[in-house]
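The chain contents come next:
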2 protein chains.
Amino acid sequence: MPFSYLDHLECSRCAKTWEADYIRQLCDCGGPLLARYDLDAARSGWSREQLARREPSLWRYHELLPVREAANVITLGEGMTPLLPLATLGQEIGIPRLLLKDEGVIPTGTFKARGATTGVSRAHELGVRVLAMPTNGNAGGAWATYAARAGMRAVILMPEAAPVITRNECAISGASLFLVRGLINDAGAIVGQAVRERGWFDASTLKEPYRVEGKKTMGIEIVEQLGWEVPDVILYPTGGGVGIIGIYKALLELRQLGWIGERLPRLVAVQAEGCAPIVRAWREGSAESTAWQDARTVAFGINVPKALGDFLVLEAIRETGGCAIAISDERILDAQRRLAAREGCFVCPEGAATLAAAEQLRQNGWLTGDERVVLLNTGTGLKYPETVRVEVPVLDPGEALPEIV
Amino acid sequence: MPFSYLDHLECSRCAKTWEADYIRQLCDCGGPLLARYDLDAARSGWSREQLARREPSLWRYHELLPVREAANVITLGEGMTPLLPLATLGQEIGIPRLLLKDEGVIPTGTFKARGATTGVSRAHELGVRVLAMPTNGNAGGAWATYAARAGMRAVILMPEAAPVITRNECAISGASLFLVRGLINDAGAIVGQAVRERGWFDASTLKEPYRVEGKKTMGIEIVEQLGWEVPDVILYPTGGGVGIIGIYKALLELRQLGWIGERLPRLVAVQAEGCAPIVRAWREGSAESTAWQDARTVAFGINVPKALGDFLVLEAIRETGGCAIAISDERILDAQRRLAAREGCFVCPEGAATLAAAEQLRQNGWLTGDERVVLLNTGTGLKYPETVRVEVPVLDPGEALPEIV
């Protein structure tokens, strides 16, 4: 049996196919390339029962991942993150079967590790020596980390306002790090010019085919963790959108493998009110988004004014009967606090937005209350210390503890 | 089969036994109580083959953990953290079979989650409503988090100098948090008085019997991950010492179950030169340590001048043929940088100390180079942003990227 059933690449816009075993970026038409597998062969040569005894990392699904040789896998043990019942909050907001997929429990502390392990592994396999990328912070931290493990050079550009801790990750991993006075699109333009002139590998969102392959494993894991049943709804905080695109891709592949039935979960794209291009396009019934002006939100990871894969996100929510919804920063921070205080889940603001979204969708009747609903938390709140207001009394040695109210 | 084979508690100093199903703190003699299991019953009723299909959390070992009813388990999916080969650094320092057990990949970002899940679960089972503890930061963050999930009140005291991010964890989880102008022992004195006066549960290190039970699962996991073979050496960053005590306890229990053979790994206690009471006691051949004056180190989690369980740590290293070793802050920070840049492992300073220790023990011949050596990294470097020096060039939108050296 092959380690991977990877077959070829296909353009997500024009459907042109490309051989997979060369370094590729975008299609000639500018569309992102997606990895396609020989699912017929996989269906006969591989079964989900084989998974039970494998290690709890996303590489348990290596047949459906793009690396040809096990020796080329660059891993830090990422994946099989917890799927936690939110019994208390679920009861409170009228969705008793509420679950949280917690991507804070992963190397680098965010789901970006998934895209980095598959992206860097495959780049390593194909001989890439230097990669460059713009990032809102967490992707840069993850790719710098995995590049270090691969012995590969990483050039990372992030907005000045990106979370400070992600600078540390890049710097200590030995990446070449630059800040940009602007947003991620400004960083992307500088990277674009540099890769054209210097022949580096462009690891920008969807400009290479393999990051999305790592992200899709979130979808496979949710289904495996539910005993190969799909949930009714998955809410996903959406910036560049690779996660939701990947989850949708995984569901289609699992269906083709016969591992799940016909019905798919409704996928919900959650954005911040201060940067909601997908939500606007969804409301307008457009197939693509237009750039959001003056984008700003405390949920920095989803501060993406115009995503290259916007049309794929809109397709995923349309085809699954999902929707798109925007949340205010105030409600995001309130949801973050409640998840920590009621459930012990200290999530990032992006992840917290999905709780506020579920609550709103329950209130307006889009959720009926009997569905199994999965919130996807994309990272740990530990990487965002500035979102928590802390005022702490200070005692001297020997002083008595004040009364606790 | 019972969910747990917990049988009774036993004093680690005077060997007096206590019934387990009541709230207990220390023995009458002041010694820490340890949980004892009916290992004969476990040996006949339970086998390691049953583990293969269980979820990848430490609760897979529930028969050897102290909670009676599955419904009382307060979990965030902690455990089965990665055991990573360090091929590049291992080669460089002459220990090719070097491994890192990475406790950064766990809820709350440190191994403290293990003690918190078992400690809080059992406290919850026994009816505790309010717990209090002194902490160097990470334990407080973890116990506050798990207490929140249990609906329990947590009162946390930490030194002013404890890592700032751990304040966030406590605050957002709704704990009652206080800072102390002093060290953890000063915080402990204030907690001690408060629990005596107010009848709270004292969750201080080793003052309740169940934190160590969570920590011991690190030892079980390492052995399971190596296919039920023990490594030759485990290096452990030692402050309060509960981790090394727990690992030693796990190894003895596994041996009694017949799951491993007679030979145990040599356990090494790694401390910082600025706070090395265990190392001093070890060199002097003492059975206990004396308080370290003017304790200070960048590895704040092991800044413990006098540990209640010092005699148990010294027993563990003596009985396994291990040793104790102190590392300078300069070498700790250098090891932290090399682990990130060479292996993609952004570890906490405490964890980094174990690499420097292994290197030193290899140089002086204590390690021969053909052993399988496990470094235990107790937490993620993301929680210690102040240990990384970052100076980053800033670009304007449209500016060309400088040459990368």
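Residues numbered from 1 in each chain as written. Chains lettered and ligands numbered in written order. Predicted model: local features only at pLDDT ≥ 70, side-chain atom pairs only at ≥ 80, totals over all residues.

Details of the overall build of chain A
Consideration 1: A count of helices and strands for chain A gives 12 helices and 14 strands.
Consideration 2: Taking 2.2 N^0.38 as the reference for a compact globule, 405 residues should give roughly 22 Å; the C-alpha atoms of chain A span a radius of gyration of 21 Å, in line with that estimate.
Consideration 3: For chain A, the C-alpha atoms occupy an extent of roughly 70 × 45 × 45 Å along the three principal directions.
Consideration 4: Within chain A, buried positions represent 64% of all 405 residues.
Consideration 5: Summarising the internal contacts of chain A: among those between residues at least 6 apart in sequence, 71% fall at separations of at least 24. (Helix = DSSP H or I, 4+ residues; strand = E, 2+ residues; numbered from the N terminus. Rg over C-alpha atoms; globule rule 2.2 N^0.38 Å. Buried ≥ 20, exposed ≤ 12 C-beta atoms within 10 Å, placed from the backbone. Contact = placed C-beta atoms within 7 Å.)

Brief notes about the nonpolar core
Consideration 1: Formed by 300 residues in total, the largest nonpolar core has its most connected members in A:Leu131, A:Trp143, A:Val268, B:Leu131, B:Trp143 and B:Val268.
Consideration 2: Among all residues touching A:Val268, those that are not within four sequence positions of it are A:Val233, A:Ile234, A:Leu235, A:Tyr236, A:Ile317, A:Gly322, A:Cys323, A:Ile325 and A:Ala357. (Core = buried A, V, L, I, M, F, W, Y, C linked by C-beta atoms within 7 Å.)

Notes on the relation of the copies chain A and chain B
Consideration 1: Of the transformation placing chain A onto chain B, the axial shift is 0.0 Å and the rotation is 180°, giving an RMSD of 0.0 Å. In symmetry terms, the pair is related by a two-fold rotation axis. For chain A, the smallest separation between a C-alpha atom and the rotation axis is recorded for A:Val105, amounting to 2.7 Å.
Consideration 2: Here 100% of the interface residues in chain A have copies in chain B that are interface residues too; the copies meet face to matching face. (Least-squares fit on C-alpha atoms with pLDDT ≥ 70 in both.)

Side note on the sheet that holds strand β11 (residues 266-272) of chain A
Residue and element names in this part refer to chain A.
Consideration 1: Strand order in this open sheet of 6 strands is β4-β5-β13-β10-β11-β12, and the pairing throughout is mixed. Looking along the sheet, the strands with just one partner apiece sit at the ends: β4 (83-85) and β12 (323-327). In this sheet, neighbouring strand axes are inclined to one another by 25° on average, regardless of whether the strands run parallel or antiparallel.
Consideration 2: With 5 bridges connecting them, strand β5 (residues 98-102) and strand β13 (residues 373-377) associate as parallel partners. Paired with Leu-98 across the strands is Val-373, a residue of β13.
Consideration 3: This element, helix α10 (residues 310-319), spans β11 and β12 of the sheet and lies at about 135° to β11. (Pairing = 2+ DSSP bridges. Axes fitted to C-alpha atoms, helices over the stretch in contact; angles between N-to-C directions.)

Thoughts on the interface of chain A and chain B
Consideration 1: Opposite the 65 residues of chain A that make contact, chain B presents 65 residues.
Consideration 2: Within the residue set of the side of chain A that touches chain B, elements represented by two or more residues are α4 (138-150), α5 (164-172), β8 (176-180), α6 (184-198), α11 (329-343) and β14 (394-395) of chain A.
Consideration 3: Of all the elements, α5(A) adds the most residues to the side of chain A that touches chain B, at 7 residues.
Consideration 4: Looking at the side of chain A that touches chain B residue by residue, the class counts come to 38 nonpolar, 13 polar and 14 charged.
Consideration 5: Examined bridge by bridge, β14(A) and strand β8 (residues 176-180) of chain B share 2 bridges and lie parallel to one another. By the bridge assignment, A:Leu395 is partnered in β8(B) with B:Val180. (Nonpolar A, V, L, I, M, F, W, Y, C, P; charged D, E, K, R; others polar.)

So, the environment of B:Val304
Residues and elements named next belong to chain B.
Consideration 1: Tracing the backbone shows Val-304 in the loop between α9 (277-284) and α10 (310-319).
Consideration 2: Judged by the 26 C-beta atoms lying within 10 Å of it, Val-304 is buried.
Consideration 3: As a C-alpha pair, Val-304 and Gln-271 span 33 residues in sequence and 9.6 Å in three-dimensional space.
Consideration 4: What Val-304 contacts, discounting residues up to four positions off in sequence, is Ile-184, Gly-239, Gly-240 and Cys-275.

Digging into the packing of α4(A) against α5(A)
Residues and elements named next belong to chain A.
Consideration 1: For the pair α4 and α5, the least separation of the axes is 8 Å and the interaxial angle reads 15°. Taken together, α4 and α5 sit at an angle that is classed as roughly parallel. Where α4 crosses over α5, the handedness of that crossing is left-handed. Residue-level inspection shows Asn-138, Gly-140, Gly-141, Ala-144 and Thr-145 of α4 in contact with α5, the latter providing Thr-166, Glu-169 and Cys-170.
Consideration 2: When its residues are assigned to classes, the contact of α4 with α5 shows 2 nonpolar, 5 polar and 1 charged. (Parallel < 35°, antiparallel > 145°, perpendicular 65-115°, else oblique. Left-handed = near helix turned anticlockwise from the far one by under 90°.)

So, the pairing of β12(A)
Residues and elements named next belong to chain A.
Consideration 1: Judged by how many residues are buried, β12 sits mostly within the fold: 5 of 5 residues are covered.
Consideration 2: Burial along β12 is two-sided: Cys-323, Ile-325 and Ile-327 and Ala-324 and Ala-326, pointing in opposite directions, are all buried.
Consideration 3: As paired strands, β11 and β12 are joined by 5 bridges and run parallel to one another. Its bridge partner being in β12, Ala-269 is matched across the sheet by Ala-324.

Comments concerning the sheet that holds strand β2 (residues 17-19) of chain A
All names here are of chain A.
Consideration 1: Overall, antiparallel pairing links the 3 strands, which are arranged β2-β1-β3 in an open sheet. Every interior strand has two partners, whereas the edge strands, β2 and β3 (33-37), have only one. Geometrically, the sheet is characterised by an average inter-axis angle of 35° between neighbouring strands, direction not taken into account.

A look at α6(A)
Consideration 1: With 15 residues, α6(A) extends 21 Å from end C-alpha to end C-alpha; this agrees with the ideal 21 Å at 1.5 Å per step.
Consideration 2: All of the buried residues along α6(A) are A:Ile184, A:Ala187, A:Gly188, A:Ile190, A:Val191, A:Ala194 and A:Val195. One side of α6(A) holds all its buried residues, which, seen down the axis, span an arc of 165°. Exposed and facing more than 90 degrees away from the buried side of α6(A) are A:Arg196 and A:Glu197.
Consideration 3: Those residues of α6(A) that are buried are in contact with β6 (130-134), β7 (153-159), β8 and β9 (201-202) of chain A together with β14 (394-395) of chain B.
Consideration 4: Backbone geometry just downstream of α6(A) places A:Gly199 in the positive-phi region, at approximately 75°. (Expected span 1.5 Å × (residues − 1). Arc of directions from axis to C-beta.)

Looking at the packing of helix α7 (residues 211-225) of chain A against helix α8 (residues 242-257) of chain A
Residue and element names in this part refer to chain A.
Consideration 1: Interaxial distance between α7 and α8 falls to 7 Å at its minimum, and their mutual angle equals 60°. Accordingly, the angle class assigned to the pair α7 and α8 is oblique. The element α7 and its partner α8 pack so that their crossing is right-handed. Between α7 and α8, the contacting residues are Arg-211, Val-212, Lys-215, Lys-216, Met-218, Gly-219, Ile-220 and Val-223 on the first element and Val-242, Gly-243, Ile-245, Gly-246, Ile-247, Lys-249, Ala-250, Leu-251 and Leu-254 on the second.
Consideration 2: Taken together, the residues of the contact of α7 with α8 sort by class into 10 nonpolar, 3 polar and 4 charged.

With respect to the pairing of β13(A)
Residues and elements named next belong to chain A.
Consideration 1: Across the 5 residues of β13, 5 count as buried, placing the element largely inside the fold.
Consideration 2: Taking every second residue as pointing to the same face, both faces of β13 are buried, with Val-373, Leu-375 and Asn-377 on one and Val-374 and Leu-376 on the other.
Consideration 3: As paired elements, strand β10 (residues 233-237) and β13 share 3 bridges and run parallel to each other. Residue pairing for β13: Leu-235 is matched across the bridge by Leu-375.

Observations regarding unusual backbone geometry
Consideration 1: Its identity is not glycine, yet A:Trp228 carries a phi of approximately 65°, on the positive side.
Consideration 2: The partly exposed category is assigned to A:Trp228, around which 13 C-beta atoms lie within 10 Å.

Considerations on the confidence of the model for chain A
Consideration 1: Mean pLDDT over chain A stands at 96; residues scoring 70 or higher make up 100%.
Consideration 2: Across the predicted assembly, pTM comes out at 0.96 and ipTM at 0.95. (pLDDT = per-residue confidence, 0-100.)

Details of the environment of A:Gln360
Consideration 1: Position of A:Gln360 relative to the elements: it lies in helix α12 (residues 349-363).
Consideration 2: Look at A:Gln360 and you get partly exposed, because 17 C-beta atoms sit within 10 Å.

Here we look at the environment of B:Lys216
Residues and elements named next belong to chain B.
Consideration 1: Tracing the backbone shows Lys-216 in helix α7 (residues 211-225).
Consideration 2: Classification of Lys-216 by C-beta neighbours within 10 Å gives buried; the count is 31.
Consideration 3: Sequence separation between Lys-216 and Tyr-384 is 168 residues, and the spatial gap between their C-alpha atoms is 25 Å.
Consideration 4: In contact with Lys-216, not counting residues within four places along its chain, are Gly-246, Ile-247, Lys-249 and Ala-250.

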